[in-house]
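Structural overview for review
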Amino acid sequence: GAGVSQSPRYKVAKRGQDVALRCDPISGHVSLFWYQQALGQGPEFLTYFQNEAQLDKSGLPSDRFFAERPEGSVSTLKIQRTQQEDSAVYLCASSLANLGTRDYNEQFFGPGTRLTVL
Amino acid sequence: AQSVAQPEDQVNVAEGNPLTVKCTYSVSGNPYLFWYVQYPNRGLQFLLKYITGDNLVKGSYGFEAEFNKSQTSFHLKKPSALVSDSALYFCAVRDYSSPRDTGRRALTFGSGTRLQVQP
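First, a word on scope: everything that follows refers to the structure included in this document. (Residues numbered from 1 in each chain as written. Chains lettered and ligands numbered in written order. Predicted model: local features only at pLDDT ≥ 70, side-chain atom pairs only at ≥ 80, totals over all residues. Heavy atoms only, no water.)

**Concerning the environment of S5 of chain A**
Residue and element names in this part refer to chain A. Our working definition: Under the scheme used here, helices are H or I runs from DSSP no shorter than 4 residues and strands are E runs no shorter than 2 residues, and both carry numbers assigned from the N terminus. Each residue gets one of three labels from its accessible area relative to the maximum for its type: buried under 20%, exposed over 50%, partly exposed in between, using a 1.4 Å probe on protein chains only.
If you trace the backbone, S5 turns up in strand β1 (residues 5-7). We classify S5 as partly exposed; its relative accessible area is 33%. Counting along the chain gives 100 residues from S5 to N105, while the straight-line C-alpha distance between them is 19 Å.

Dropping the structure here:
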């Protein structure tokens, strides 16, 4: 079956531009995560959805970052007024997990969107 | 707070030799531990996980990892390395002190270890 897909794979933006990154999770996966991976580093958590509900956004670095998942499937990460420090790979992951269960399902990652802000 | 340490930026090993990639963790509750591998321009691929039970966990591509609670370690191992194993390896932890603590559902990753297997 299809895995997690992300688009675009590469995005170049001028400083100050707004960007939107899309994630299509595996069908039926309830949980969706966004991570930011800087060059030479491990992924760092940004935000988490359970269906359409954004249950944790503690990792978003500023109010310029906004994520949504309005119908509980596709998610969009939006970055307003991009800055050079936003340059990174943005990874989306999904898992089967349900709230209230002993969630130990592994997360499946997409290929990422490499954002370069000039 | 949960954290992961991968003390080696790079591990070099000859093909056919055993390999070990080290990982130590810190959590306040019970750890769920994972290993992922990342190839160039690709997303992270799941290798194996420890949730509970046997301390030795077997995963994909002949990899295994040993959970050691007293040493808070979860080292990745393979008896015989292949050149195709060369990639970036990430250890990750999730603290499971409360199933309803949704903020802890996210994984905390180490900084990664680059494995280079020489022919």
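Okay, back to it.
**Regarding the pairing of strand β9 (residues 73-78) of chain B**
Residues and elements named next belong to chain B. Put simply, the test is: Note on pairing: two strands pair once DSSP finds at least 2 bridges between them.
Burial runs high along β9: 5 of the 6 residues are buried. Note that strand β3 (residues 19-21) and β9 share 3 bridges and pair antiparallel. Each bridged residue has a counterpart across the sheet, and for L19 the counterpart in β9 is K78. Sheet topology note: the strand β8 (residues 64-68)/β9 ladder contains 5 bridges and is antiparallel. Bridge pairing in β9 places E66 opposite H75. Counting the residues in the hairpin turn of β8 and β9 gives 4 residues, including T72, whose phi is positive at 45°.

**Focus: the nonpolar core**
Across soluble globular proteins, nonpolar side chains show a tendency to be buried alongside one another. Residue and element names in this part refer to chain B. We count it as follows: Think of a nonpolar core as a cluster: buried Ala, Val, Leu, Ile, Met, Phe, Trp, Tyr and Cys residues, connected wherever their side-chain atoms sit within 4.5 Å. Residues count as neighbours in contact if any of their non-hydrogen atoms are within 4.5 Å of one another.
One finds W35, L47, L48, F74, L76 and Y89 to be the most contacted residues of the largest nonpolar core, which totals 27 residues. Where this core is concerned, the elements lending two or more residues are β2 (10-14), β3, β5 (31-38), β6 (44-50), β8, β9, β10 (87-95) and β12 (113-118). Looking at this core, the element that brings in the most residues is β10, giving 4 residues. Each residue touching F74, except ones within four places of it in the same chain, is listed here: C23, L33, F34, W35, L48, K49, Y50, A65, E66 and F67.

Everything listed here is a matter of coordinates, which is why it stays silent on function.
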